[in-house]
There are 2 protein chains.
Amino acid sequence: MLSSPMFFFFQNGTKKSWDFMRTHDSVSVLIFNTTSHCFILVKQFRPAVYMCEWEKTKTQPPQSADKTEEGASEAAATESQEGKSASERESSSQWPPASAGVTYELCAGLVDKPDLSLEEIARQEVLEECGYDVPASKLKRITSYRSGVGVTGARQTMFYAEVSDDNCVSAGGGEPREGELIEVVKVPLHEAMTFAYDERIPKTMGVIFSFIWFHNNMSPKYKISTNV
Amino acid sequence: MLSSPMFFFFQNGTKKSWDFMRTHDSVSVLIFNTTSHCFILVKQFRPAVYMCEWEKTKTQPPQSADKTEEGASEAAATESQEGKSASERESSSQWPPASAGVTYELCAGLVDKPDLSLEEIARQEVLEECGYDVPASKLKRITSYRSGVGVTGARQTMFYAEVSDDNCVSAGGGEPREGELIEVVKVPLHEAMTFAYDERIPKTMGVIFSFIWFHNNMSPKYKISTNV
């Protein structure tokens, strides 16, 4: 999970002032299942993404009279809406749907255990989030880069892990005690590049980059077209 | 420039609570100069990256006696260090060099002008930061994705712009009144992939991804190897 355990206070943007900031480097892992020829991603609800969408609704012009009328009659037909004032109905109808906060991402985690190597931390995330138990020695380093240079500036290191159904030891899903809402999803290899460039599917750049990296560097090994 | 003009207050991480958060979507532009066959990047000092490196020095074990001795004699030989106490010298010697905060990035900017299209905002950034004047209609959309899903969750749209020396109207460098420290740098096409994967060169994933995108999609047009 990549929600930063950070404590910071920004006033009027990063350029003006900051009092204290703490962040962590992170790892991410492109997982390829050689049994099913699928990439293993995590799909999760991101509060930051949801709030960003919610912010946008506030700056958009109000609904037309027709639309409001329609929304109000729908609300009136719903039992759960009974007893709410008109302004409450209007307010709740402007919340984006929960799906607006969902993104597809690589399995990832923070580097917050100083006694573990990056590979060992990546291995733990693959196990916790996606349920595959692979030795750290099987993780191949792809590259590293700076993430969020305007806000955190931490280094993220990306790995590649090949797994098989035999390595699958649990359903994954992350640590329930951390409040994670993670769903493990599979993207078939032959759909990967279409998935990467479909802007209707909310995703991080890590997903797009790693799919293309695989296409350029690993796909020939499997003699399978990634549909480019 | 991509420093978010945001005001927010996080306590114990994004999952726990937030009071108010405002952020902006952004655009980034891969610029290719067809005259010199170079990519045009911006190299800039990022306070967030620097602070991240500085944080790391605080958690590292103290220097050995030998190293401290060496550092102290160097400091004593420097006129500017005269008059400083031993503890001040020790403190300043632990600051990372300014170069630790520098990253290579795509030309980029925030979507903070509601009356302009994404292409027009991208066009302005290309002009202000890199000094090339190209019509918005020449910007080709590559794709979009979510950036900083753990912190801001905004959408970033990436464009591709072909420019020539004829389009160069200024030295670029960003808006001085915004306090930007931007240097325009050129990366020759034939060195691009080596640059992309050299982890000693601090950069964003946008640089790596866009260079590979160009290699896969545009490079054949120029019949030039991108050294892969």
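Above this note sits the structure.
In this report, the structure presented in the accompanying data block is examined. (Residues numbered from 1 in each chain as written. Chains lettered and ligands numbered in written order. Predicted model: local features only at pLDDT ≥ 70, side-chain atom pairs only at ≥ 80, totals over all residues. Heavy atoms only, no water.)

**A closer look at the nonpolar core**
In this structure, A:Phe211, A:Phe214, B:Phe211 and B:Phe214 are the most contacted members of the largest nonpolar core, which totals 55 residues. Not counting the four nearest positions on each side in its chain, A:Phe211 is found in contact with A:Leu30, A:Phe39, A:Leu41, A:Val187, A:Ala192, A:Met193, A:Phe195 and A:Ala196. (Core = buried A, V, L, I, M, F, W, Y, C linked by side-chain atoms within 4.5 Å. Buried < 20%, exposed > 50% of the residue type's maximum accessible area, 1.4 Å probe, protein only. Contact = heavy atoms within 4.5 Å.)

**Some thoughts on helix H6 (residues 205-217) of chain A**
Residue and element names in this part refer to chain A. The terminal C-alpha atoms of H6 lie 18 Å apart, and with 13 residues this matches the ideal 18 Å at 1.5 Å per residue to within 8%. Taken across its 13 residues, H6 has 10 buried, putting it largely inside the fold. For H6, every residue scored as buried is listed here: Met205, Gly206, Val207, Ile208, Phe209, Ser210, Phe211, Ile212, Trp213 and Phe214. (Helix = DSSP H or I, 4+ residues; strand = E, 2+ residues; numbered from the N terminus. Expected span 1.5 Å × (residues − 1).)

**What to know about the pattern of salt bridges**
Per the stated rule, a full pass over the model turns up 16 salt bridges over all chains. Where A:Glu105 meets A:Arg46, a salt bridge forms, and the shortest distance between an N and an O atom there is 2.8 Å. With A:Glu105 in strand E4 (residues 102-105) and A:Arg46 in the loop between strand E3 (38-45) and helix H1 (47-59), the pair connects residues that are 59 residues apart, well separated along the chain. Between A:Glu53 and B:Arg146 there is a salt bridge; the shortest N-O distance is 2.7 Å. Of this pair, A:Glu53 sits in helix H1 while B:Arg146 is found in strand E6 (residues 140-146), placing the two residues in two different chains. On the basis of relative accessible area, B:Arg146 is assigned to the buried category, the value being 7%. Taken together, the shared-partner salt bridges connect A:Asp25, A:Arg146, B:Glu53 and B:Lys56 into one network. (Salt bridge = Lys/Arg side-chain N within 4 Å of Asp/Glu carboxyl O.)

**With respect to empty space enclosed by the protein**
Which parts of space are left empty comes out when a probe the size of a water molecule is rolled across the atoms. Applying the stated criterion across every chain, the model contains three cavities of 30 Å³ or more. One number sums up the size of the second largest cavity: a volume of about 50 Å³. Around the second largest cavity, the lining residues are A:Ser144, A:Tyr145, A:Arg146, A:Arg155, B:Glu199, B:Ile201, B:Pro202 and B:Lys203. With three residues, strand E6 (residues 140-146) of chain A is the largest single contributor of residues to the lining of the second largest cavity. In terms of residue class, the lining of the second largest cavity is built from three nonpolar, one polar and four charged. (1 Å grid on protein atoms, 1.4 Å probe; cavity = no way out; pocket = protein on both sides within 12 Å on 5 of 7 lines; lining within 4 Å. Points joined across faces, edges and corners; volume = space filled by probe spheres on them. Nonpolar A, V, L, I, M, F, W, Y, C, P; charged D, E, K, R; others polar.)

Coordinates in, geometry out; function isn't part of it.
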